[in-house]
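Structural overview for review
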Amino acid sequence: MKIPFLDVGATYLELKQEIDDAVSRVLNSGCYILGPEVEAFENDWAKYCGANYSVGLASGLDSISLALRALNIGNNDEVIVPSHTYIATWIAITSVGAIPIPVEPDPKTYNIDPKKVEDVISPKTKVILPVHLYGQPADIGQILEIAKKYNINVVEDAAQSHGACYKGKRIGAHGDIVCWSFYPGKSLGAFGDAGAITTNNPDLAKKIITLRNYGSQKKYINELEGVNSRLDPIQAAILRVKLKYLDSWNERRKIIASIYTKELNNSSLILPHVPEWADPVWHLYVIRSNNRDLLKTRLNEAGVETILHYPIPPHLQDAFQNLKITEKSYPIARQIAGEVLSLPIGPHLEPQHSEKIVSILKSSLKKK
Ligand SMILES: *Cc1c(COP(=O)(O)O)cnc(C)c1O
């Protein structure tokens, strides 16, 4: 028996007729760039997130870099970012010419530690960029307080947290701009690349609408040096269908997560920690062990696919050697990278499969 980490095709099979109808509606419409499908998804997504505006974009990476550009972040501005995140968060910052200033995660939640943010604020700091990693909301309340005190902006990377709540309120408009990816493997995924921002600020929404379309609001009148980062209407139509099922899919993820937590509670593994103010969406179920590589091998031998999120922190990637961050910096990020293991989770994983994964893990822990 093979258990994939995530069966991305299963969402299509579940909703085949509805998705086929949506795609053929777009193909028959004759409108293939922006237009009513994109607007309809933007409205649905803003409403779901509790935000006033949403702007559909071509990817999650673009959503972060355009959010920074909308806030006029550029050369030599400093952006505070977690030391433990997917590299896209950092690339978005350097792509606008700004400097990522890393802050270590809270070792329990893996999200940026708000207690360490003030230490790195300088006159050049323009933005704090927390990531709601693994489906767990970061401590956005604390971060907003610090940002207010120093009069700096907050851009949230919510690429892994569709539907997560902080103190009962959905992620989507706590900070100035919230950035989303609909990469196929995300909890709300398109069948190709797609992204969006949400915000309550009409001026920022308008600026991103302009930036995504060559800096133009009126054809051939270009007010900004923009980019081409338009959400594809076919993907928008697919996302509209899938959004209706997001909450029920998140519920199914929650059941899998609760099986893992219940069954592995008394083991030597470090399990996800959920603060009392957090309502996570279990985009990933990440365990930690100093025998991570052995556990991954054992699971793999039994046909269970696991993934490491992430094996190398951004500051140790060749891509960022130009930042001249010393090797020994950010020990918490380095330790987490060496110990994390993401177990299969998704709306189409059978609960009995998670039981099987648990029993393989338990016997591997006993044997070693
Ligand atoms: C997926 C992801 C991104 C990038 O999204 P793309 O759509 O692949 O560009 C950014 N940040 C985080 C945390 C992600 O998980």
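All residue numbers refer to position in the chain's written sequence, counted from 1. Given that the model is predicted, a residue must reach a pLDDT of at least 70 before its local features are reported, and side-chain atom pairs must reach 80 or more before they are shown or counted; all residues, however, enter totals for whole chains, interfaces and linings. Each side-chain value is worked out from all heavy atoms of the structure, with water and hydrogens disregarded.

**Regarding the nonpolar core**
For clarity, the threshold we go by: Nonpolar cores are built from buried Ala, Val, Leu, Ile, Met, Phe, Trp, Tyr and Cys residues. Side-chain atoms within 4.5 Å join them into one set. For the exposure calls, accessible area comes from a 1.4 Å probe over protein chains only, and a residue counts as buried if that area is under 20% of its type's maximum, exposed if over 50%, partly exposed in between. Only DSSP runs of H or I with at least four residues qualify as helices, and only runs of E with at least two residues qualify as strands; both kinds are numbered from the N terminus onward. Where each domain starts and ends comes from a domain assignment, either automatic or drawn from a database. The contact criterion used throughout is that any non-hydrogen atoms of two residues lie within 4.5 Å.
Membership of the largest hydrophobic core comes to 40 residues, with the highest contact counts inside it found for Phe41, Trp45, Trp180 and Phe182. For this core, the elements supplying multiple residues, two or more each, are helix H3 (36–49), strand E3 (99–103), helix H6 (140–150), strand E8 (177–181) and helix H8 (233–264). With 5 residues, H3 is the single largest residue contributor to this core. The two domains that each donate at least three residues to this core are domain 1 (8–103 + 110–243) and domain 2 (246–367). Dropping the residues within four chain positions of it, Trp45 is found in contact with Ser54, His162, Trp180, Phe182, Leu188, Ala196, Thr198, Leu243 and Leu246. If you look at the next biggest cluster of nonpolar residues, it comprises 29 residues, including Leu68, Leu129, Leu204 and Phe320.

**What to know about the site of the ligand**
Note the following rule: Note on terminology: near, applied to a residue and a molecule or strand, indicates that one of the residue's heavy atoms is within 4 Å of it. N or O atoms within 3.5 Å of each other form a polar contact, as long as, within protein, one can give a hydrogen and the other can take it, and as long as residues adjacent in sequence are counted only when both atoms are side-chain atoms. Using a 1.4 Å probe, accessible areas were evaluated by the Shrake-Rupley method; residue-level cover was limited to the displayed protein chains.
Neighbouring residues of the ligand: 14 residues in total, closest Gly60, Leu61, Asp157, Ser181 and Lys186. In this structure, Gln160 approaches the ligand through a side-chain N or O atom, which is 2.8 Å from an oxygen atom. Take Ser181: an N or O atom from its side chain is 2.6 Å from an oxygen atom of the ligand. Relative to its free-state accessible area of 380 Å², the ligand is covered by the protein chains to the extent of 91%. Listed by contribution, the elements that provide at least two residues to the shell around the ligand are helix H4 (60–70) and helix H5 (87–95).

**Quick word on the sheet that holds strand E5 (residues 153–157)**
Heads up, the rule is: One bridge is not enough; two strands pair if DSSP finds at least two bridges between them. Only the contacting stretch of a helix is used when fitting its axis, a line to C-alpha atoms as for every element, and angles between N-to-C directions run 0 to 180 degrees.
Read across the sheet, 7 strands follow the order E1-E9-E8-E5-E4-E2-E3 without closing on themselves; strand pairing throughout is mixed. Edge positions in the open sheet fall to strand E1 (53–57) and E3, since each of these has one partner strand only. Averaged over all pairs of adjacent strands, the angle between their axes in this sheet comes to 25°, without regard to strand direction. Both E1 and strand E9 (residues 195–199) contribute to a ladder of 5 bridges, which runs antiparallel. Within E9, the residue paired with Leu57 across the bridge is Gly195. The strands touched by H3 within the sheet are E1, E8 and E9, with E1 carrying the most contacts at an inclination of about 130°.

**Brief notes about unusual backbone geometry**
His309 connects to Tyr310 through a cis peptide bond whose omega is 10°. In this structure, Tyr310 sits in the loop between helix H9 (292–301) and helix H10 (331–339). Despite not being glycine, Tyr110 has its phi angle at roughly 70°, a positive value. With respect to the element layout, Tyr110 can be found in the loop between E3 and strand E4 (125–128). A residue is classified by how much of its surface remains accessible, and Tyr110, at 3% relative accessible area, is buried.

**Remarks on the domain arrangement of the chain**
Filter applied, for reference: Simply put, the buried area is the total loss of 1.4 Å probe accessible area from both parts when two parts are fitted together.
We note that the domain assignment places domain 1 (8–103 + 110–243) and domain 2 (246–367) within the chain. Centre-to-centre, using C-alpha coordinates, domain 1 lies 25 Å away from domain 2. Facing the 39 residues of domain 1 at the interface are 36 residues of domain 2. Across the interface of domain 1 and domain 2, roughly 3,200 Å² is buried in total on both sides, 64% from carbon and sulfur atoms.

**With respect to the sheet that holds strand E6 (residues 165–166)**
Ordered in space as E7-E6-E12, the 3 strands form an open sheet in which the pairing is antiparallel. Edge positions in the open sheet fall to strand E7 (169–170) and strand E12 (278–279), since each of these has one partner strand only. Two strands pair when backbone bridges link them, and E6 and E12 are joined in this way by 2 bridges, in the antiparallel orientation. The residue of E12 that forms the bridge with Tyr166 is Ala278.

**Points about the pairing of E3**
The test is simple: Handedness is read with the strands pointing away from the viewer; a crossover is right-handed when the path from the first strand over the helix to the second is clockwise.
Burial analysis of E3 places 4 of its 5 residues in the buried class, the great majority of the element. Looking at chain direction, strand E2 (residues 78–82) and E3 are connected through 5 bridges and run parallel. Paired with Val79 across the two strands is Pro100, which belongs to E3. Handedness of the crossover joining E2 and E3 through H5 is recorded here as right-handed.

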